[in-house]
Every structure is written in structure tokens, then in C-alpha cells.
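Letter by letter, the chains look like this.
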Number of protein chains: 2
Amino acid sequence: MYSRNEQDYIQQLSIDCVIFGYREKQLNVLVPKMDFRGDFWALPSGYIGQDEGIGQAARRILEERTGIQTIYLDQFCVFGDAERSNAQVLERLISLNGDKLVERGLNSKALEWITRRFVSIGYYALVDINKVIPRKNEIDESIEWYPITQLPTLIMDHNEMVAKALETLRLNLDQKLIGFNLLPETFTMKELQELYEAIFDKPFPRNNFQKKILDLNVLERLEKKFTGAANKAPYLYRFQQ
Amino acid sequence: MYSRNEQDYIQQLSIDCVIFGYREKQLNVLVPKMDFRGDFWALPSGYIGQDEGIGQAARRILEERTGIQTIYLDQFCVFGDAERSNAQVLERLISLNGDKLVERGLNSKALEWITRRFVSIGYYALVDINKVIPRKNEIDESIEWYPITQLPTLIMDHNEMVAKALETLRLNLDQKLIGFNLLPETFTMKELQELYEAIFDKPFPRNNFQKKILDLNVLERLEKKFTGAANKAPYLYRFQQ
């Protein structure tokens, strides 16, 4: 961003990405910590090039932090309160990091750009953590997966964005299940239930869950998984083509 | 818009509203025809003031065309393809209406503003047509309810916006039923079914529909409606408080 002219981007419009990651029965969120004194965490964000579609911009921002090119990304909400910019936090960042800002070529004009009011389009994705190697960009000190229950305090309204993205993920999970591509090629009903339980943060009664999922008509039942104890072996499933 | 400075608004960001109206078993959309030669229809639209939240702006735009202040409005999608502006249509409008543009004080600077690329936030609402008196604003020749199956060709991607808004309305109808405030205080199951059938444009089998709706747990059953033929009188319902 800093190396380009602000005219190359749409003014006062940004994109913020909530990247959910699933691994070992746990739901996480990918959060970069900014390389500034004062402990600032912010969602992966960026601007929209004048010649770039908003979906393209979102995929570019995500690829920058995850290396993944073909990711299933969806808009979930636009955040546009007049007061969302939270000037105090930005002022604190600037006052604690004058030297670093100069180092990075953030002159007063660039600061004026980032301290203006922004409307932000929220995108969310859900990825298999094992398939992603998080990457810092030039303003990150670190980038980590945080369990959703242990998120740090993020700048501006970014914690609210995560909450809203989670609400949307829960609402749409049945429809988006296949697209997210989170499970191995074949999986057991138990593995699928564990995914739901991680996302909803609550247990599901086994029989109800199985009925609900089978009613979606998206699964194909295969042979039993070989476990050595044939009569207790669970069925394997895969998504219908 | 024309009377204010463009600096009072966020640049390149607009709001478009799909206002669905229900009356007599039919779903309609409120569409203004622009007061320009060449037959241009466009969804009710506007910009976002620098001190205005996006929700506030959407309600202002809607109130302008409907007079309704407390309306249940929801974002449904952001339209942000790089090429959505459809320069040909705008050029045709300008070439056919040079005199009218001058009359309205649309100088070349104002035209430059409206012909730039815009990202647009789509909002949708569903209202009772009997409670709305559509109002022209200064750029409308007329404003009418059109049955959703007989919409004119709208400018830019506005027809696509209507299709996407309808998809969202169908997906969320169960959850939003109460908020839309479309039915009288008390109503019969048949009246509710007719509303669903208008929105989904298909018949629902009566027993299935009744079971599905009662399973939502949002209705309270009252006494039977008095029709003279007591044994065939339908129950009345209302939404739970």
C-alpha cells in the first residue's frame, strides 16, 4: 500500500478478512500483530485498487497472508458507522511510533489517508489450518492462529467483526459445508460432528445430528472404515459430486 | 445531492435499495423512472454523508421515496466489480439529455463524479404496499410498483441486484417474518401461506406449510375467525410478543 499512490485505490473503503481455521476440533482465527510499539492487533486488511473488483481485492489480501490462491471467500457484512474509526487508538499508535512511521515512509499525507473515516467490507473464509502457512506482511510483527475464545483485543471494531462473521458462519454452515473443503476426502460422521461442535461451541446429541446432516442430502455413504473391530466400525462418507 | 459539495460524501461508494412491496398475493418492486429522455429506470439510490453511518444513509434514501421512517432494512450484498458502471449507458444518457443536465446544474465536474466507478452497498426492505405512498424525488419522472415478474430493464447491474435481493429474502424469510410487519395484527394460516407463495413464486402443500411454520415457534394461536360457518372457520394467529 505505502509504495503506491492513494489515487490508485478507492478512498475511504477497505476490506477486512476474518479467516477461520479448523484443526483438531478447534476453531481459530488468523490474527496479525502489527509491528508497532503498544500491542496492536488487527484483522488482515487492505484497500481496493481502482481497476480491481472487490472480490479480487479480498482474494489478494488473503493470499498475501496465507499463500492460498483458491479460497472460498464470502462477504458477510459492511461496517460503516460514522464513528467506527476509533481515533484514540490511531493517535496512540502514532504517538508511540513516530520513528517507525517515518522509517516506513509514512509521511503526514499517508497518515491522513489511514486516519480518515473508512467503510469496510467484511469477508470471511474457513480453511484447514494444516494447509496454510501464515505469512507476515511488511507491517506485521507476527501472525498467529488464536483460538476463537482467546482472541486478543483488536483495533477499531475488529472484535465485533469476528463475532458477526462467526454468526454468519453458523447460519450458513449447512449450505457452505462442501465449499469450505475442510474434511479429508472421506470422513466419519463423528469427524463431521466434531467440526460442527467446534464451530457452534456446543455438543450436539449424536442421533439428532446424524439425522439433520443426512436430511441435507449432500453426503454419500461408503463402506465401513476398517478399524479391526468390524462390528463397531463407523461408516465413511464423502460429499456427493 | 446536486446542491451539496462532493466532499460532503464518501467518494465512489453508493447505496442501492431494493424495496419489495406485498399486496394482494403479489410481490412488487418499487422502481423510479428517471426524468431523462431515453427510458432509464434505476433503483432508489444515494450516497453516504461523511458524518453519516451507512444504515442511516440507507434509511434516509428509503424515506425520501416512501415517506416511511421506521423501516426494516437489511444489507444483502456489496456490488463491486471493476466494470459494473456500464459507461455506455451513462454516455447515452448524457448524449440524449445535455440540456436537462445543464438545467439541473450538472456541470462537467458533477458528471465526472457520477461517471466514476462506484462500489454499491445493496439494502433490501419488504413493506406493505398499502402503507406506502411512493414519492418522486427531483430526478424522477415517475415512481411505480412493478410486479417482480414484469420489471423493466434497469441501468447498470440493478436487475442483478433485484435477483440477489430476492434470493436473500427467500433465504431469510423465516427469521425476518416478524420484523417485516407485513400482515395484519391477526391473520390466518392461509394468509401467511399466500405471502410465502408470492415471495417464492410457487405453491406450498398446505399441511407441510403449516407444520413448517408452526415448527418455527413464532406464532400464537388465537380463537377461530368468525365466518358464519363455525365448523369450517380457520384459526387466527398472531406473532408472539
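Please refer to the structure higher up on the page.
The structure presented is a predicted model; accordingly, all values stated were derived computationally and were not measured.

A. Main features of the packing of helix H6 (residues 189-200) of chain A against helix H7 (residues 206-215) of chain A. All names here are of chain A. The contact between H6 and H7 brings their axes to 11 Å, and the two run at 95°. With respect to their mutual orientation, H6 and H7 come out roughly perpendicular. Where H6 approaches H7, its residues Met189, Leu192, Gln193 and Tyr196 are matched on the opposing element by Arg206, Phe209, Gln210, Lys212, Ile213 and Leu214. Its residues placed into classes, the contact of H6 with H7 shows 6 nonpolar, 2 polar and 2 charged.

B. Region of interest: the sheet that holds strand E7 (residues 187-188) of chain A. All names here are of chain A. Spatially, E7-E9-E8 is the arrangement adopted by the 3 strands of the open sheet, whose pairing is antiparallel. The open sheet has two edge strands with one neighbour each: E7 and strand E8 (219-224). Relative to strand E9 (residues 235-239), E8 runs antiparallel, the two sharing 4 bridges. Note on E9: the bridge partner recorded for Arg221 is Tyr237.

C. Structural detail: the packing of aromatic side chains. Considering all chains together, one arrives at 20 aromatic pairs over all chains under this definition. Ring geometry for Tyr196(A) against Phe204(A): centres 6.2 Å apart, planes inclined by 85°, an arrangement best described as edge-to-face. Judged by centre distance (6.0 Å) and plane angle (70°), the ring pair of Tyr9(B) and Tyr47(B) falls under edge-to-face. In this pair, Tyr9(B) sits in strand E1 (residues 9-23) while Tyr47(B) sits in strand E3 (residues 45-49), placing the two residues 38 residues apart along the sequence. Residue classification places Tyr9(B) among the buried residues on the basis of a relative accessible area of 6%. Classification of Tyr47(B) by relative accessible area gives buried; the value is 16%. The structure contains a cluster of three or more aromatic residues connected by ring pairs, namely Tyr196(A), Phe200(A), Phe204(A) and Phe209(A). Over the face of the ring belonging to Phe36(A) we find Arg104(A), whose NZ or CZ atom lies 4.7 Å from the ring centre.

How each quantity is defined
Residues numbered from 1 in each chain as written. Chains lettered and ligands numbered in written order. Predicted model: local features only at pLDDT ≥ 70, side-chain atom pairs only at ≥ 80, totals over all residues. Heavy atoms only, no water. Axes fitted to C-alpha atoms, helices over the stretch in contact; angles between N-to-C directions. Helix = DSSP H or I, 4+ residues; strand = E, 2+ residues; numbered from the N terminus. Parallel < 35°, antiparallel > 145°, perpendicular 65-115°, else oblique. Contact = heavy atoms within 4.5 Å. Nonpolar A, V, L, I, M, F, W, Y, C, P; charged D, E, K, R; others polar. Pairing = 2+ DSSP bridges. Phe/Tyr/Trp six-rings, centres within 6.5 Å; stacked < 30°, edge-to-face > 60°. Buried < 20%, exposed > 50% of the residue type's maximum accessible area, 1.4 Å probe, protein only. Lys NZ or Arg CZ within 6 Å of the ring centre and 35° of its normal.

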